[in-house]
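Listed here are the chains, written in short residue letters.
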2 protein chains.
Amino acid sequence: MSDLRIAMAQINTCVGDIAGNRALILDRCRAAYALGAHLVAFPEMTTTGYPIEDLALRESFQRAAERSVTEIAQTLEAEGLGSLTVLLGTLGVNTEGRPFNQAVVIQHGSVSARYNKHHLPNYGVFDERRIFASGEDRCVIEANGVRVGLVICEDIWQDGGPVSQMDDADVQLLVVLNGSPFEEGKGHIRTELAQRRAAEVAAPVAYVNMWGGQDDLVFDGQSFIVGSDGRLLAAAPAFTDALIVWDVPRDDQTPPASEVTAPLSDDAKTYWACVTGLRDYVLKNGMSRVVLGLSGGIDSALVAAIAADALGGENVIGVSMPSKFSSDHSKSDAEVLAENIGADYRVQPIEPMVAVFESQLGLTGVAAENIQARVRGMILMGISNAEGVFALATGNKSELAVGYSTVYGDAVGAFAPIKDLDKTRVWDLSRWRNADAVARGETPPIPENSISKPPSAELRPGQVDQDSLPPYDLLDEVLDAYVEHAEGRAELLARGFDEYVVDKVLSLVDRAEWKRRQYPPGPKVTALAFGRDRRLPITSRWREKVES
Amino acid sequence: MSDLRIAMAQINTCVGDIAGNRALILDRCRAAYALGAHLVAFPEMTTTGYPIEDLALRESFQRAAERSVTEIAQTLEAEGLGSLTVLLGTLGVNTEGRPFNQAVVIQHGSVSARYNKHHLPNYGVFDERRIFASGEDRCVIEANGVRVGLVICEDIWQDGGPVSQMDDADVQLLVVLNGSPFEEGKGHIRTELAQRRAAEVAAPVAYVNMWGGQDDLVFDGQSFIVGSDGRLLAAAPAFTDALIVWDVPRDDQTPPASEVTAPLSDDAKTYWACVTGLRDYVLKNGMSRVVLGLSGGIDSALVAAIAADALGGENVIGVSMPSKFSSDHSKSDAEVLAENIGADYRVQPIEPMVAVFESQLGLTGVAAENIQARVRGMILMGISNAEGVFALATGNKSELAVGYSTVYGDAVGAFAPIKDLDKTRVWDLSRWRNADAVARGETPPIPENSISKPPSAELRPGQVDQDSLPPYDLLDEVLDAYVEHAEGRAELLARGFDEYVVDKVLSLVDRAEWKRRQYPPGPKVTALAFGRDRRLPITSRWREKVES
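Parameters and conventions
- Residues numbered from 1 in each chain as written.
- Chains lettered and ligands numbered in written order.
- Predicted model: local features only at pLDDT ≥ 70, side-chain atom pairs only at ≥ 80, totals over all residues.
- Heavy atoms only, no water.
- Helix = DSSP H or I, 4+ residues; strand = E, 2+ residues; numbered from the N terminus.
- Rg over C-alpha atoms; globule rule 2.2 N^0.38 Å.
- Buried < 20%, exposed > 50% of the residue type's maximum accessible area, 1.4 Å probe, protein only.
- Contact = heavy atoms within 4.5 Å.
- Areas by Shrake-Rupley, 256 points an atom, 1.4 Å probe, with all protein chains shown as cover.
- Lys, Arg positive; Asp, Glu negative; His and termini not counted.
- Charge placed at Lys NZ, Arg CZ, Asp CG, Glu CD.
- Patch = residues over 30% accessible without salt bridge, like charges linked within 9 Å, V, L, I, M, F, W, Y side chains within 5 Å.
- Salt bridge = Lys/Arg side-chain N within 4 Å of Asp/Glu carboxyl O.
- Pairing = 2+ DSSP bridges.
- Axes fitted to C-alpha atoms, helices over the stretch in contact; angles between N-to-C directions.
- Least-squares fit on C-alpha atoms with pLDDT ≥ 70 in both.
- Expected span 1.5 Å × (residues − 1).
- Nonpolar A, V, L, I, M, F, W, Y, C, P; charged D, E, K, R; others polar.
- Parallel < 35°, antiparallel > 145°, perpendicular 65-115°, else oblique.
- Left-handed = near helix turned anticlockwise from the far one by under 90°.
- Right-handed = clockwise from strand over helix to strand, strands pointing away.
- Polar contact = N/O pair within 3.5 Å; in protein donor to acceptor, adjacent residues only side chain to side chain.

## A few points about the overall build of chain A
Helix and strand counts for chain A come out as 17 helices and 18 strands. In terms of overall dimensions, chain A is globule-like: its C-alpha atoms have a radius of gyration of 26 Å, near the 24 Å expected for 548 residues. For the C-alpha atoms alone, the extent of chain A along its principal axes is close to 80 × 55 × 50 Å. Among the 548 residues that make up chain A, the fraction classed as buried is 64%. Residue pairs in contact within chain A that sit at least 24 positions apart in sequence constitute 73% of those at least 6 positions apart. When the accessible area of chain A is evaluated, it comes to approximately 18600 Å², of which 50% is carbon and sulfur surface. Between the averaged position of the 52 positive side-chain charges in chain A and that of its 77 negative side-chain charges there is a distance of 4 Å.

## Side note on a positive patch on the surface
Residues A:Arg98, A:Arg129, B:Arg98 and B:Arg129 make up a contiguous surface patch of positive charge. With respect to the helices, strands and loops of the structure, A:Arg98 is situated in the loop between β3 (85–93) and β4 (99–107).

## Observations regarding the pairing of strand β7 (residues 146–152) of chain A
All names here are of chain A. Of all the 7 residues making up β7, 6 are buried; the element is thus mostly covered by neighbouring parts of the structure. In this sheet, β7 lies alongside strand β6 (residues 140–143) in antiparallel orientation, the contact comprising 4 bridges. When the bridges of β7 are listed, Val140 appears paired with Gly149.

## A short note on the side chain of A:Thr13
Residues and elements named next belong to chain A. Checked against the element boundaries, Thr13 lands in the loop between β1 (2–10) and α1 (18–34). Since its relative accessible area comes to 6%, Thr13 is described here as buried. Leaving out residues up to four positions away in the same chain, Thr13 has contacts with Asn21, Thr46, Gly49, Tyr50, Met210, Trp211 and Lys284.

## Examining the sheet that holds strand β17 (residues 344–347) of chain A
Residue and element names in this part refer to chain A. Strand order in the open sheet formed by 4 strands is β17-β16-β15-β18, with parallel pairing between adjacent strands. Whereas interior strands pair on both sides, the edge strands pair on one side only; in this sheet they are β17 and β18 (390–391). Pairing between strand β15 (residues 290–293) and β18: 2 bridges, direction parallel. Along β18, the bridge assignment pairs Val290 with Phe390. On the sheet, helix α7 (residues 328–341) packs against β16 (316–320) and β17 and is oriented at approximately 160° with respect to β17.

## Structural notes on the relation of the copies chain A and chain B
The pair of chain copies shares a relation made of a rotation about an axis and a shift along it. Between the two copies, chain A and chain B, the superposition gives an RMSD of 0.0 Å; the rotation angle is 180° and the shift along the axis is 0.0 Å. Taken together, the rotation angle and the small translation identify this as a two-fold axis. Residue A:Gln518 of chain A places its C-alpha closer to the rotation axis than any other residue of that unit, at 2.1 Å. A shared interface surface links the copies, since 100% of the contact residues of chain A are contact residues in chain B too.

## Looking at helix α2 (residues 59–78) of chain A
Residue and element names in this part refer to chain A. Here α2 is 20 residues long and its end C-alpha atoms lie 28 Å apart, about the 28 Å a rise of 1.5 Å per residue gives. Among the residues of α2, those classed as buried are Ser60, Phe61, Gln62, Ala64, Ala65, Ser68, Val69, Ile72, Ala73 and Leu76. Just beyond α2, the residue with positive phi is Gly80, at close to 80°.

## So, the pattern of salt bridges
All told, the structure shown has 96 salt bridges over all chains when counted by the stated rule. One network of salt bridges, with partners in common, ties together A:Asp127, A:Arg535, B:Asp127 and B:Arg535.

## Quick notes on the interface of chain A and chain B
It is common to give the size of an interface as the accessible area lost on bringing the parts into contact. Taken together, the contact between chain A and chain B spans 81 residues of the former and 81 residues of the latter. Linking chain A with chain B are 8 salt bridges, by the criterion used here. Linking A:Asp17 and B:Arg541 is a salt bridge whose minimum nitrogen-to-oxygen distance equals 3.1 Å. Looking at which element gives the most residues to the side of chain A that touches chain B, the answer is helix α9 (residues 365–387) of chain A, with 11 residues. A class-by-class count of the residues in the side of chain A that touches chain B yields 41 nonpolar, 17 polar and 23 charged.

## Details of the sheet that holds strand β5 (residues 110–116) of chain A
All names here are of chain A. One open sheet accounts for 6 strands, arranged β5-β4-β3-β2-β1-β14; its pairing is mixed. What marks the edges here is a single partner per strand, and that holds for β5 and β14 (242–249). Adjacent strand axes in the sheet meet at a mean angle of 30° when their direction is disregarded. Strands in contact with α1 are β1, β2 (39–41), β3 and β14; relative to β14, the strand with the most contacts, it is inclined by about 45°.

## Section: the environment of B:Thr424
Relative to the assigned elements, B:Thr424 resides in helix α11 (residues 423–439). If we skip the residues at most four places from it in the chain, B:Thr424 touches B:Tyr472, B:Asp473 and B:Asp476.

## Describing the environment of B:Val176
Residues and elements named next belong to chain B. Among the structural elements, Val176 can be located in strand β8 (residues 173–178). Remark: the alpha-carbon pair of Val176 and Pro237, spanning 61 residues in sequence, is separated by 17 Å. Val176 has contacts with Val151, Ile152, Cys153, Ile156, Val205, Ala206, Tyr207 and Val208, leaving out every residue within four places of it along the chain.

## Some words on the packing of helix α6 (residues 298–311) of chain B against α11(B)
Residues and elements named next belong to chain B. One can describe the packing of α6 onto α11 by two numbers: an axis separation of 10 Å at closest approach and a directional angle of 50°. With respect to α11, the element α6 is oriented oblique. α11 is crossed by α6, and the crossing has left-handed handedness. Contacts from Ile298, Asp299, Leu302 and Asp309 of α6 reach α11 at Lys423, Val426, Trp427, Leu429, Ser430 and Arg433. Partitioning the contact of α6 with α11 into residue classes produces 5 nonpolar, 1 polar and 4 charged.

## Observations concerning helix α13 (residues 472–484) of chain B
B:Tyr472, B:Leu475, B:Asp476, B:Val478, B:Leu479, B:Ala481, B:Tyr482 and B:Val483 are the residues of α13(B) that are buried. Once α13(B) finishes, B:Ala486 follows within two positions and takes phi at roughly 50°, a positive value.

## Things to note about the pairing of β1(A)
All names here are of chain A. Among the 9 residues that make up β1, 7 are buried, leaving the element largely enclosed by the rest of the structure. Pairing of β1 with β14, which is carried by 8 bridges, proceeds in the antiparallel orientation. Directly across from Met8, in β14, lies its bridge partner Ile244. As paired strands, β1 and β2 are joined by 3 bridges and run parallel to one another. If you follow Ile6 over to β2, its bridge partner there is Leu39. Read from β1 through α1 to β2, the crossover connection turns out right-handed.

## Points about the environment of A:Gly20
Structurally, the position occupied by A:Gly20 is in helix α1. Along the sequence, A:Gly20 and A:Thr47 sit 27 residues apart, while their C-alpha atoms lie 8.8 Å from each other.

## Points about unusual backbone geometry
Each neighbour pair has its own omega, and for A:Tyr50 with A:Pro51 the value is -10°, a cis peptide bond. Residue position: A:Pro51 is located in the loop between β2 and α2. Here the phi dihedral of B:Asp170 falls at roughly 55°; this positive angle occurs in a residue that is not glycine. Summarising the element assignment, B:Asp170 is placed in the loop between β7 (146–152) and β8.

## A closer look at the side chain of A:Arg374
Inspection of the secondary structure puts A:Arg374 in helix α9. Among buried charged residues, A:Arg374 stands out as having no salt bridge; its nearest opposite-charge side chain is A:Asp410, 7.9 Å away. A distance of 2.9 Å separates the side chain of A:Arg374 from the backbone oxygen of A:Val407, its partner in a polar contact. The contact partners of A:Arg374, leaving out residues within four places of it in the chain, are A:Thr406, A:Val407, A:Tyr408, A:Gly409, B:Met378, B:Met381, B:Gly382 and B:Asn385.

As structure tokens, this is what we get:
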């Protein structure tokens, strides 16, 4: 027996879609009520979507969020669901007009309490001190006679703060509303944090996270409940809707376990993060189809597989754009891939366009190689414009790091699904995707040859990537240390990396910043993605080699 | 007679160029000493350049900055300049390794005091809470027996804080080290602020600002001194080096005036901001020449004039790229302009390339219009790659706002010098530049016809911009309210704008966010530029029309 049944509503909101988010919230309130829940908890900033960035500062938007909360409260009351306690993330405003990252408690047709997030993350991808004022008060409510503490996301990541203010509140449940973006390995950290806070308040912690893609972020869901003893009592799946119901035990009872979904493998999580990021970028922006170039190489093959999983193969246009330097296997690998995923496969030879540019402009060398890449970009954008589909860029993180791409060429696109996967991970996930297909009795989408052959841009005869770059396993190790761990040259040399390789890689990375700025967005899946996670000047004469 | 002669060193540092900045600092120390100065003050973060963004977090960079301070101190002492007091902005680190935005006081060969900026701007273009810890202590030093207070930039923009801590310090001079970016109308605000602080401490305030371009920011210099009575006692020119010497009066004396440079007109300041932004982007990135398309229209004409003023006409390649839709005046206006500024003028008809794309891809309508713009982009990038010059994008703020450009077409480039000028300002500054030439007895660079003819992209017969956009004077008014003042639909309608126009413009602006993200950087000159000044999600279903 329990006095309080809670439901965790793991949902996929859309930024700015106040009416759509409201409909989704009401739908889950009804479902929770039907399941006998007394309390339903939603993620961070549910009414508005998250993160809303500078939309938070717009008065018209603030008013709309507040109206939506009122409407939700009144609708629930009118439908006879007024007894349901609803914990809902939204956008609040203080008396000076400064926005709050806020949670409201809805009971009996109105807002009975408000909680404003204390700790505003202002690092990595987050800029919350830019837009929000900090809350100062704790929030403890009663639902069905049970004392429930309420905090928001970053509040549990910092020692001190609102959880430590709950010492004397004797809460029987702590609910955390989250908008916590996916990154590899983060799941464990969240669980450990929640376990620490559960021990601190001597009560179970319910961690409700959103899921879905939003520009360069992807949220994984994976909501869960841990007991005060650290035991995992409920766990929702990743990258999908969930409504998990759990009974808060009376003080003298052992906490019951609810659904505990087994976690996906690390490769699977990262793959589905890319799928989710792409799908939501396309669908939330009102599109349904994509076009990409299929070179026969591993990058475009993986992006095509991701796109097919996200949107259906029939919504993927794959274009082979051979030149006189393209090998036979490039064309056949591309065709096999397209067939495997059921894509709309097309062939557009680039020779006629390249020839007229080269002859009129008299270009040679890298300038001529770039013409090939840019003609391909123009063909993809032509299809994008004519058929109303998004073009995808297929560059990986290693290429993006060292600038191994042609701006306005292979870098064109609305979205870049694998921009945060280094080349080593591209191979990992391609093998994983194929193995997963085999395990499910399906045809592996990616041709084995695309995985095993040496990578080449095929912009001149016999070219392979390793002509101009260190081997990818070595390159990716150096990049991991320099980019993701922000180590300097001295630290890299101390770790035993070859001096020539270090200096070459660091110089390439530093000089490619301008290219990264004009690259399309794509989902962050690592601890440090290019983009707002790593903000460096373009104009910089800092060279590790010279002064570090 | 004065006990203290101070020198304000208004310099143009380069981000990351620790050795170059050090050489510049030492050079100005020697010059100040030669002028009899006892104290020389430099701008904010002089050793490192400013803003350094996440470079602040890199330990190798922190070490290099600290070494540079030591080297400066030791060099001055070794050269017999140890008696000179040097106030220098640099990068400090606290005991936990968190960076400070720091000022050091160098006297007699070592650092005699350190001050850490209290107020860290985290709005607009600034992200200082992301990278810096806040200082808490005030800093008052003695130089030649005179008590000098020291603060950094934002510290005087906030009431309370370090200046109010100086109540009992009886300072005889307050020195403010600044990295304050240019924006239209900001000069007056700075002077008024300094006057307020001067009254607060009952002493003169010396405001030392850096100048020069850094990616999307441009710093104007315009260092100055105001007396405790608010009188302007010294004023350095905008957008150039200055070393202004001033004698601090003894308590019983009237403050003397030093050089007071008359300010430029508003148009001149904004024009020179664009020139400085472009010149420093090119030169600091190790380039010297630029290429741009000359359409005969006003935007490319103004950019060409700016480029010629920044780099010399001989370093500007202007390419006329006529199509079958180009009018005769387009070609002749482009040619006259190129001749006026002494540019390297070239003609590359686009018809042969456009024809082969159109016939192979079978494109019509907007997709075909985009092909024309993208062929032009490819030609410019071909020249850029082959000759090692930067391509310039010529889009203005009005176009950028409503998405009136072709991504990977006219939007290509390393830098976009007029991206923060709306169309109305483009005309203003073109007229100003011509009038300025006349006043100096020179040939006006911009053909009168480019100023007076109706703007047209000439992508189809008889097309003019006003076919698809409201008249520019109206458009710019709506944009000013919606973008720069973040007003909502309700506020715009209340101001009397036509509902149809408002809804059309707002929708265009909201839908063009993805295009702006891939646009090149360019100098901020208004209170709110596109870019990190206005951070909005690409994926957003918020439409003012529906819910506001």
